Every structure is written in structure tokens, then in C-alpha cells.
Amino acid sequence: MLANTAQTLQLARETLDIEASALLQLKARLDDRFVNAVNMVLGVKGRVVVTGMGKSGHIGRKIAATLASTGTPAMFVHPGEASHGDLGMIQTIDVVLAISNSGESDELVAILPVLKRQGVPLIAMTGGLTSSLARHADVLLDCSVEKEACPLNLAPTASTTAQLAMGDALAVALLDARGFKPEDFARSHPGGSLGRRLLTHVSDVMRKGTDVPQVGPDAEFTTLMREMSSKGLGATSVTDADGHVLGVFTDGDLRRLIEKGADLRSLKARDVMNSQPRTIRVDALAVEAADIMEQYRITSILVIDDAGHLCGAINTNDLMRAKVI
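Only a predicted model underlies this, so the values are computations on that prediction, with no experimental measurement involved.

### A few points about the nonpolar core
In this structure, V48, V50, L67, L97, I123, M125 and L141 are the most contacted members of the largest nonpolar core, which totals 28 residues. Broken down by secondary-structure element, the contributors of at least two residues to this core are α2 (32-43), β1 (48-52), α3 (54-69), β2 (74-76), β3 (95-100), β4 (122-126), β5 (139-142) and α7 (158-177). Core analysis: the next-biggest nonpolar cluster, separate from the first, contains 19 residues, M75, A98, A134 and A137 among them.

### Comments concerning the packing of α3 against α7
The contact between α3 and α7 brings their axes to 10 Å, and the two run at 15°. One finds that α3 runs roughly parallel with respect to α7. Between α3 and α7 the crossing geometry is right-handed. Here K55, S56, I59, K62, I63, T66 and L67 of α3 come into contact with α7, specifically with T160, Q163, L164, G167, D168, A171 and L174. Class assignment of the residues belonging to the contact of α3 with α7 gives a composition of 6 nonpolar, 5 polar and 3 charged.

### Topic: the sheet that holds strand β7 (residues 235-239)
The 3 strands lie next to each other as β6-β7-β8, forming an open sheet whose pairing is mixed. At either end of the open sheet lies a strand with only one pairing partner, and these are β6 (214-215) and β8 (245-250). With 2 bridges joining them, β6 and β7 adopt parallel strand pairing. Among the inter-strand pairings, V215 is bridged to a residue of β7, identified as V238. Helix-sheet contacts for helix α11 (residues 221-231) involve β6, β7 and β8, and the interaxial angle to β8 is about 75°.

Procedures and definitions
Residues numbered from 1 in each chain as written. Predicted model: local features only at pLDDT ≥ 70, side-chain atom pairs only at ≥ 80, totals over all residues. Heavy atoms only, no water. Core = buried A, V, L, I, M, F, W, Y, C linked by side-chain atoms within 4.5 Å. Buried < 20%, exposed > 50% of the residue type's maximum accessible area, 1.4 Å probe, protein only. Helix = DSSP H or I, 4+ residues; strand = E, 2+ residues; numbered from the N terminus. Axes fitted to C-alpha atoms, helices over the stretch in contact; angles between N-to-C directions. Parallel < 35°, antiparallel > 145°, perpendicular 65-115°, else oblique. Left-handed = near helix turned anticlockwise from the far one by under 90°. Contact = heavy atoms within 4.5 Å. Nonpolar A, V, L, I, M, F, W, Y, C, P; charged D, E, K, R; others polar. Pairing = 2+ DSSP bridges.

The quantities given are spatial measurements derived from coordinates; they are silent on function.
So, in C-alpha cells, the structure goes:
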């Protein structure tokens, strides 16, 4: 059995149109209640406890995860489990974000009086503006939709899209209010690509000690080539007796010398080095090294300290192994 192509595409487009329209209506209804919700979350010392049943519960889990990863401590509590002991997870210093399209989910309604008696602030995200949930709420966020995208107008589709979008809007507003920065996001995502880019420093991945090719300015050309070849970096640093970087010699420099027909045997390191090498500080982010290499189309870079002394070296392979690039 195969789907009818024209009908399938038509239904898909209608679904997107309905959900897009629901979001635009949601945008138009935003008012001071949204600001009050943001201020309520900012004002509590505890966490945002998100709760919801069924599809709203799935949306709630995602909203809790988004809040937690953007600087607002949050967790999800299943309303059914809350009635059987998990209410103990919710403290008076927390704020509850309850999600229900109808606002009448039995498991959710059952815990509302308890939350009110405990004095826990309640933000409701619902389409039932006169529902039990709406009446108990300290702040009501209107997530109503004209209709579901489901042709039967039964399966939660547009309503869950509206809930998810409202949760994202709340998270973004809180992120901005808290002054949340990319570095803060990276700290909660250390295993992701952004975390690696923002938390990995040059010192974490650079070559050190005897793995760094290094010769003095008076080194013979053969010595320079031997050092460069043995360390496998495609370049060697040239330093003075104190370890201060004087220059660098690379594979590209070698090719250019050969093209010119230079008498290589008579040359010393000081004669062939580039006296203005690209360098990076040891405390810089590894991604900065990657940016420099890309900008100047080089494959390695020397690492120095504040005084210009050689600390290490790094190349694109090192950055790839560290998954920075």
C-alpha cells in the first residue's frame, strides 16, 4: 500500500499552515502575563518544576531540559507519580510550570490544591482559560489554538506545538535576563561540539616538551630539516637560548627555497626562517588556533606565553583529534 502523493503533500502543507497560524496567534496574544511568568521564575530560589500528562508531559520534559541547559534549574515531575510520593520533590522555594491543553487532566488537577496549600507558585500553560488549572494558577499563559492539525481534530498537534514554542520563548527570555553566555551553555554541554569548542584550550591539546620541533638560529640546514622531519609537524620553531621564539621554518618555505635554486647546504636557520611567525597564547581557546590556521591557510602554529617563549605547537591534526574541528 502506497500513499497518494498529491494528497500526502497537501495534508503535510495544511498541517504546517495550521501550526504556523497557531504560533502567529500565540505571538499576538503575548502580554504582561508572560513577563510576570519570567519574573516569577527569576524570583524563586529553587527550581522550575515542570509537570504535565500525556503529550503535554512529553513537551514538559523537553521544556525542563531546555530550561536546565540555558541557566534555569529545572526538572520534570510526572503528575501521576506526584500523587504517590513525588510531591515531596517540590519545595516551597520552587515554582511549578503545569502544562495541559484542556486544563482538566485528572492527575494534574488532583495535585493543584496541595500545591496551593504549600504556597508553591504556579504558572499554567493551557488552552483551557476557564479550567481548573487556569483558576488555580498565579500566572496564566494562554496556549489555546483554534484547531488541531489532525484531520480529526483529536490528536494533539497544533496545541503541543504551541506549548513547545511557549516553553522556548520562556527559556530564551530567562536566558537573556540571566545574562547567560555561550561559555555557560558549553559548561552544561561538555560532551557536545559547542562544549569542546568553548571549553578546550590550546594547552589541552598542544604538543609539549621534546615533541615540539625546535632549533637555534645558528643550526645548520641539515639539522633544521632533521628536527622538522623527526617531529612530524611540518615545521620547526627557531628560538634563542632563552626559548624566545625568533621565527619558524615550514614545508612551504622549503618548497619555495628549492624553486629559487638556493644552495641549501650553506644556509642556517636564521637565513631561512620566517621572522614573523603566526603564534597563539597558551591560554587561548583551541578554536582560536583553528580560526588562525584557516584565515592564513596554514596547518600548524606555535604556542607562546606572555613573554613570547615557546610553550608548544599545535596543528590541524591535533585539533581534529580533539574534535575541535
